[in-house]
Number of protein chains: 2
Amino acid sequence: MTGKLYGLGLGPGDPDLITLKAHRILRVVPVIAWPAPDTGPSFARAIAAPHLPGGQTEIPIVVPMRTERFPARDVYDKASGEIAAHLDAGRDVAVLCEGDPFFYGSFMYVFERLAGQYPTEVVPGVSSMMAAASAAGRPLAARNDVLSVVPGPLGDEELTNRFNAADALAIIKIGRHFKRLRALIEKLNLLPHAIYVERVSLDAERLMPLADVPEDTAPYFSMILIYKGGEDWIQKLPGSKP
Amino acid sequence: MTGKLYGLGLGPGDPDLITLKAHRILRVVPVIAWPAPDTGPSFARAIAAPHLPGGQTEIPIVVPMRTERFPARDVYDKASGEIAAHLDAGRDVAVLCEGDPFFYGSFMYVFERLAGQYPTEVVPGVSSMMAAASAAGRPLAARNDVLSVVPGPLGDEELTNRFNAADALAIIKIGRHFKRLRALIEKLNLLPHAIYVERVSLDAERLMPLADVPEDTAPYFSMILIYKGGEDWIQKLPGSKP
């Protein structure tokens, strides 16, 4: 009997926003694997930390942050090999994922290597996009709105088309593209509709109209929400949690 | 001291997919309100049921299903009035929401009536869109994909533009539009990329290539996921949970 592979969605950051199912698995799984940048600690492991009973075997998946476009193949090959060895020995392995595993998550790189060979279950999680709308006190989308999720690294022309076409937008992966994105949003007259959310659901959460952000860069865990026709919501924003 | 209003995201249907936070609130809140169609039971209440200690005051929000385009104003006015009376008396009230409260949720109609007057907290939940991708064993979106969430009631021309523009699509509110949507998806040569998911995370879950669905209509709690370039995933689909 081989072990089972879990892709475990852990939600946006607040350890209280993990699901009962993920919590139950975390309490008993003998092996956990978690992604971490080579520049700092693992966010996914930090979300799980208060729930871990201790004594698990841990497999860090340390991803170099230099390469934005392509996943580090060697890193995922090696980690998948380590995970497979535990599965072959009959031990379940949970790969910890911030947010939801299949919403722009790196879990897919482990999944595509192992899911065909081992019993696999993906446990969905609360996405930071949903948490950001909750924190902003504003619907992400409603009625017959079209909502588009748009990665910030895309070029200005494509972004312009996307921004013009959607009723509601979540712009992700903004980081070093922040200044360019804000300029584009302003040029398209969407600035009055735009909310900036950083480190949502954590103590360090920041939330304000995009127009009021003093910095020219943003951390990895940040997002811009745009809801056309939503000026009235923006004006009510207290700049903090409701 | 007035009570606090909660918009409580309860996830896609499996009671195990609610968050620790929503669970804790359900265990202690003295008043719950929940939406139900005038044609049947409340899905949100069914998700919460295993977690309720019993003895709460309950406020049904019975929504007529005839009117698709506009929310039933009188229904939300009346329900909000009842909720407000409890809040005025110092009792917390949790409005139960399937999925996430601010992702196309009807909670916004209560929120817009009461949030300015009472302390309010929205607790995000796992969306059925995330759960559908998990069940399908296929990323919803990855890398620099643009993901668009598109309501089925939109017209064919607008749908065509949306379908052509996005890398990944989640088509929601398909119900009686199912036949028209499938014909359009076939016309645009997207049928090999399309997965149909119904009642995700419940025992009654159905999941199959859209091309294989025998019916010409779909229930309210169903969705179509399209991931261009995803033929390989579709072909691997077992037609059931991984």
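Chain A goes by Precorrin-2 C(20)-methyltransferase in an unreviewed UniProt entry, where it is assigned to Hoeflea alexandrii. Reading the Sequence similarities (unreviewed entry) entry of the UniProt record for chain A gives the comment "Belongs to the precorrin methyltransferase family." According to its UniProt record, chain A has this under Pathway (unreviewed entry): "Cofactor biosynthesis; adenosylcobalamin biosynthesis."

Caption draft 1: Geometry of the overall build of chain A. Assigned secondary structure in chain A consists of eight helices and 10 strands. Taken against the 2.2 N^0.38 rule, which gives 18 Å for 242 residues, the C-alpha radius of gyration of chain A at 19 Å falls within 12% of a compact globule. Seen through its C-alpha atoms, chain A measures out along the principal axes to roughly 60 × 35 × 35 Å. Across the 242 residues that make up chain A, the buried fraction comes to 60%. If you sum the accessible surface of chain A, you get close to 9800 Å²; carbon and sulfur atoms cover 51% of it. For chain A, the distance from the average position of its 25 positive side-chain charges to the average position of its 28 negative side-chain charges is 1 Å.

Caption draft 2: Quick look at the relation of the copies chain B and chain A. Superposing chain B onto chain A takes a rotation of 180° combined with a translation of 0.0 Å along the rotation axis, leaving an RMSD of 0.0 Å. The operation mapping one copy onto its partner corresponds to a two-fold rotation axis. By residue overlap, the copies meet face to face through one surface: 98% of the interface positions of chain B are interface positions in chain A.

Caption draft 3: Structural detail: the pattern of salt bridges. All told, the structure shown has 26 salt bridges over all chains when counted by the stated rule. Via salt bridges that share partners, Glu198, Arg199, Arg206 and Glu215 of chain A belong to a single interconnected network.

Caption draft 4: Spatial organisation of the interface of chain B and chain A. At the junction of the two partners, chain B supplies 57 residues and chain A supplies 56 residues. Roughly 4600 Å² is buried in total at the junction of chain B and chain A, and carbon and sulfur atoms are behind 62% of that figure. Together, Leu20, Phe102 and Arg143 of chain B form the three largest contributors to the area buried by chain B at its contact with chain A, with a combined 15%. Summed over the shared surface of chain B and chain A, the number is two salt bridges. Residues arginine 24 of chain B and aspartate 16 of chain A are paired through a salt bridge, measuring 2.3 Å at the closest nitrogen-oxygen approach. Applying the counting rule to chain B against chain A returns 25 residue pairs in polar contact (both at pLDDT 80 or more). Elements supplying a minimum of two residues to the side of chain B that touches chain A: helix 1 (20-28), helix 4 (107-114), strand 5 (120-123), helix 5 (128-136), strand 6 (147-151) and helix 6 (156-165) of chain B. The class makeup of the residues in the side of chain B that touches chain A is 34 nonpolar, 10 polar and 13 charged.

Caption draft 5: Highlighting the sheet that holds strand 6 (residues 147-151) of chain A. Spatial strand order, 9(A)-8(A)-10(A)-7(A)-6(A)-6(B)-7(B)-10(B)-8(B)-9(B): 10 strands in an open sheet with mixed pairing. On the outer flanks of this sheet lie strand 9 (206-209) of chain A together with strand 9 (206-209) of chain B, each paired with one strand and no other. Ignoring strand direction, the axes of neighbouring strands in this sheet form an average angle of 15°. Here helix 5 of chain B sits on the sheet and contacts strand 6, strand 7 (168-172), strand 8 (194-198), strand 9 and strand 10 (222-227) of chain B; the angle it forms with strand 10 of chain B, its principal contact strand, is near 65°. Against the sheet, helix 6 of chain B touches strand 6 and strand 7 of chain B, its axis set at about 165° to strand 6 of chain B.

Caption draft 6: Up close: unusual backbone geometry. Residues and elements named next belong to chain B. One non-glycine residue, tyrosine 104, lies in the positive phi region at around 60°. Structurally, tyrosine 104 is set in the loop between strand 4 (93-97) and helix 4. Within the chain, lysine 173 stands out as a residue other than glycine whose phi angle is a positive 55°. Among the secondary structure elements, lysine 173 is positioned in the loop between strand 7 and helix 7 (178-187).

Caption draft 7: Representation of the packing of aromatic side chains. Residue and element names in this part refer to chain A. Within this structure, the stated rule accounts for 16 aromatic pairs over all chains. A centroid spacing of 6.0 Å and a plane angle of 40° characterise the contact between phenylalanine 102 and phenylalanine 107, whose relative ring orientation is tilted. With respect to class, phenylalanine 102 is no different from phenylalanine 107; both count as buried. Cluster of aromatic residues (ring-pair linked, three or more members): Phe43, Tyr220 and Phe221.

Caption draft 8: Up close: the pairing of strand 6 of chain B. Burial runs high along strand 6 of chain B: five of the five residues are buried. Neither face of strand 6 of chain B is exposed, since Leu147, Val149 and Pro151 of chain B on one face and Ser148 and Val150 of chain B on the opposite face are all buried. One ladder, built from three bridges, connects strand 6 of chain A with strand 6 of chain B; its direction is antiparallel. Paired with serine 148 of chain A across the bridge in strand 6 of chain B is serine 148 of chain B. Here strand 6 of chain B pairs with strand 7 of chain B via five bridges, running parallel. What sits directly across from valine 150 of chain B, in strand 7 of chain B, is isoleucine 171 of chain B.

Here is what the cut-offs are and how they apply
- Residues numbered from 1 in each chain as written.
- Chains lettered and ligands numbered in written order.
- Predicted model: local features only at pLDDT ≥ 70, side-chain atom pairs only at ≥ 80, totals over all residues.
- Heavy atoms only, no water.
- UniProt positions renumbered as here; feature names shortened; annotations may be inferred.
- Helix = DSSP H or I, 4+ residues; strand = E, 2+ residues; numbered from the N terminus.
- Rg over C-alpha atoms; globule rule 2.2 N^0.38 Å.
- Buried < 20%, exposed > 50% of the residue type's maximum accessible area, 1.4 Å probe, protein only.
- Areas by Shrake-Rupley, 256 points an atom, 1.4 Å probe, with all protein chains shown as cover.
- Lys, Arg positive; Asp, Glu negative; His and termini not counted.
- Charge placed at Lys NZ, Arg CZ, Asp CG, Glu CD.
- Least-squares fit on C-alpha atoms with pLDDT ≥ 70 in both.
- Contact = heavy atoms within 4.5 Å.
- Salt bridge = Lys/Arg side-chain N within 4 Å of Asp/Glu carboxyl O.
- Buried area = accessible area lost by both parts, 1.4 Å probe.
- Polar contact = N/O pair within 3.5 Å; in protein donor to acceptor, adjacent residues only side chain to side chain.
- Nonpolar A, V, L, I, M, F, W, Y, C, P; charged D, E, K, R; others polar.
- Pairing = 2+ DSSP bridges.
- Axes fitted to C-alpha atoms, helices over the stretch in contact; angles between N-to-C directions.
- Phe/Tyr/Trp six-rings, centres within 6.5 Å; stacked < 30°, edge-to-face > 60°.

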